[in-house]
Structure formats: C-alpha cells, structure tokens
Amino acid sequence: MLGLALEGGGAKGAFHVGALKALFERGYAFDGIAGTSIGALNGAIVAQGDFPLLEDIWRNASFSTLTGLDDDKFNRLLARDYDRDLLRYVFNVARKTFKNRGLPMDKIREFAETFIDESRLRASKVDYCMVTVSISDNWTPLELFKEDIPEGKLTEYILTSAYFPVFNRPEVEGKSFMDGGMYNNCPVTPLVHRGYRNIIGIRTGSRMPSRKVLDKSVKVDYIDPSENLGTTLDFRKEKIARNIKLGYYDALRFTDKLMGVKYYLRPKTYAESINYLENFSDKAYVRIAEILGAQGTRRELMARAAEVAAEELKLDTDVTAIGAVVAMFEYVAGLYGVEKFRIYSTEEFVSALNARWTAKAEDVEFPKVYEIVKALVKGA
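Fair warning: this is a prediction, and the values are worked out from it, not measured in the lab. (Residues numbered from 1 in each chain as written. Predicted model: local features only at pLDDT ≥ 70, side-chain atom pairs only at ≥ 80, totals over all residues. Heavy atoms only, no water.)

Asks: How should I be thinking about the packing of helix α1 (residues 14-25) against helix α2 (residues 38-47) in this particular structure?
Replies: To characterise two packed helices, one gives the angle between the axes of the helices and the distance between these axes. Where α1 contacts α2, the two axes come as close as 11 Å, and the packing angle between them is 35 degrees. Considering how the two elements wind past one another, α1 and α2 form a crossing that is right-handed. Residues His 16, Leu 20 and Phe 24 of α1 form the contact with α2, whose participating residues are Ile 38, Gly 39, Asn 42 and Val 46. Here the contact of α1 with α2 is built from residues that sort into four nonpolar, three polar and no charged. (Axes fitted to C-alpha atoms, helices over the stretch in contact; angles between N-to-C directions. Helix = DSSP H or I, 4+ residues; strand = E, 2+ residues; numbered from the N terminus. Left-handed = near helix turned anticlockwise from the far one by under 90°. Contact = heavy atoms within 4.5 Å. Nonpolar A, V, L, I, M, F, W, Y, C, P; charged D, E, K, R; others polar.)

Asks: Explanation requested: the pattern of salt bridges in the structure shown.
Replies: Side chains carrying opposite charge are able to pair once their charged atoms draw close together. Enumeration over the complete set of coordinates arrives at 26 salt bridges. Arg 194 is paired through a salt bridge with Glu 147; the nearest N and O atoms lie 2.4 Å apart. Here the residue Arg 194 occupies a position in helix α10 (residues 189-194), and Glu 147 occupies one in the loop between β4 (140-145) and α9 (154-160), the gap between them amounting to 47 residues. Of the residues examined, Arg 194 reaches a relative accessible area of 32% and is grouped as partly exposed. Note on Glu 147: relative accessible area 45%, which makes it partly exposed. (Salt bridge = Lys/Arg side-chain N within 4 Å of Asp/Glu carboxyl O. Buried < 20%, exposed > 50% of the residue type's maximum accessible area, 1.4 Å probe, protein only.)

Asks: Would you mind showing me how to read unusual backbone geometry here?
Replies: Excluding glycine, residues mostly have negative phi values, and the peptide bonds linking residues are mostly trans. Phi at Lys 257 takes a positive value of approximately 55 degrees, unusual for a residue other than glycine. Among the structural elements, Lys 257 can be located in the loop between α11 (237-255) and β8 (264-265). According to the relative accessible area criterion, Lys 257 is exposed, its value standing at 57%. Phi angles above zero are rare outside glycine, and Asp 363 is one such case at about 55 degrees. For Asp 363, the location among the structural elements is in the loop between α16 (346-356) and α17 (367-378).

Asks: Is there a simple way to think about α11 in this case?
Replies: In an α-helix there are 3.6 residues to a turn, and that puts residues three or four apart on one side. Its 19 residues give α11 an end-to-end C-alpha distance of 27 Å, which sits within 8% of 27 Å, the value for a rise of 1.5 Å per residue. Counting buried positions along α11 gives 14 out of 19 residues, so the element sits mostly inside the fold. (Expected span 1.5 Å × (residues − 1).)

So this is what it looks like as structure tokens:
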C-alpha cells in the first residue's frame, strides 16, 4: 500500500497541487492520505477523487475567498505598499478581529462545505486521516481516520485541523479545537500505524512539529520545496501560480530521479558525468589549476574543485563529487537568472548558462566557485 502525507502551511498548500499533478501524471495512486491543516483540506478533496477540482480551486484562490477581506489591500500589505488608506483599513480589521476573537471562518466553512463531499469521501476506497488538537480534552492530539468521525460531522472535524490561531474557531460538538500543526504537521505516523510501509510526504517548508518515524522497515520519501514558498497567508495569484509550478517540477525531480537541487537535470551515470567533464578544453583545465593552486589530471582537478564547492557552498557532508559539481553550475546559473522551470540535459544546461553569460555577475559570494565554472563554460 502507498500512503500520502500532506504537510500544513496555509497558502503554501499550493505546492501540494503541483506535486500531486506530477505524481498522477507518472502513474502514482494512493491507498491512504493523511493531512494536517491545509493538507487535511487538500487531502480530503483528493481522497474523494476530485484532484482536477482541487487544481481549479487553487488556480482561482485568493485571500478574499477564505476571509472575505479585500484582496487588493492585503496584496499591498504583503508588498509593503503602505499609505494612510491602507493603514486605516488594517487598523479597522485588527480592531474587529480583536473584538470577535479572531478572523471569521465563515468563508473557509463555506469553502469546505462546497467542495468536500462527505458521502463520497466516506465511500471512497482511499483511507483518509486528519490531525487536530482538542483543547477541551487537555490539549489532546487527535489523528482521526474518517471512520472515527461521527456521521454528518466529517467536514466540521476536517476544518478543525485548519483552526489557525488567527481565526475565530467555532466549537464542534461542544468542544474547542486547535490547528493540528501544533502536534503533527506532516502526518506520516498515522499511516505507519495503519500498516503502510511505503509513504510519500509532500512538505511545505513549515517549522511546525512533525512526529518522527522510528520503524526502519518503513520507506518514507519526502518531496521538499527547492525554494521558500512564502508566508502562510500569501494568496497572491502570482505566488500561488509559482508554488504550483514549483511543486510540479520538484516532484518530477523525485519521480524522474533528476540531478540538481535548484534546477532539474536529466541524470547521467557516473561514467557519463566524468566523460563529459573531461571533455572540456585544455585552456579550461589550465585555468582551473591556477584557481585551485594545484596540479594533476583532469579528473584529479575536478575532484579538488568538487571539494572546494562542497566547502564554500556548505553542501551536505554526504554530497557526491558529481553532486558538488552540479551545485557549482546551479549557483552560477542562479546568478545569471537561467530559466528554472525546465528539464535540461547537462549539455542544454551548460549551453543555457553560456547564453546568459555577459559581463561578470553581481554579488558573487563564492568567487572561486564562480571562476571554476567560468573556466569550464567560457573555455578560459
């Protein structure tokens, strides 16, 4: 059985959509889904068999659809485009929020009741679990599968998983709840307890706590965002669109075993990679020897360059030499603004970098890495 865990994160839940799109295109099918907060909402719609609907919802999402507040003013607030009118509006919202003990959840409730179909979700063969915290029961964390929730109350309980502290949180069956992210924001463990041994977790870069999987027989693969997804309440359309696209390509990195951390390169074998690197020009390797203050064969020089890259770029200690070399190219590609959302061959990536290369890049934090890549790309 294959399980799916969706991490909470508010507006960052757009990342789930792009990642799931890539997974479904590659033929993945999930037997069980667990989610926290926005992950619980997204997971419910997927579990009931409505992923195309979920994608459409997110592509049309806005701050006003969830809160009823003014999109333009909130977008200006995020952009720090302040004026007297905006500050007056923010003050009035803050005053009403304080008076009402939080932002109203009417719009979120309307959203959930419109798009989550309890009968279809219960009838689905896909396991579904959501996480919440019961304040009324001495802050007891709850990991509830759909069959654990009373009939007619499924949507209400799912909403409690998204009871972010900024909202006015209505009681359910006379009890108060809090966002499940306080306990387990990426709920892999309830799937493990259910018997799942293969699980994919889609994370949002949240700093909220998650329970660790201690059972070594369980295989958990995580799809992590390759860049910061922004804030929990950033529902600006351009940010949502980018996070969906980022989720799509970051998931393809997982499914297609692509190389790179920031970019997406088709894999080469170790032998293919070495052969490619050794075919750069003589001038390039003369220059690399000068930069490194070392002598040796081309392979020895590239091994030393990889060590320098790993040290300067502060790469993980278990990074391979090829991974460190790729990281060098990615670093410089970022300086020149090479297009991110494309799957490159190694040759295409180097060619794209060469095409963008004009004068020396600004803000070069790691000049030695920059000069090594320049030697390879520009031939001197």
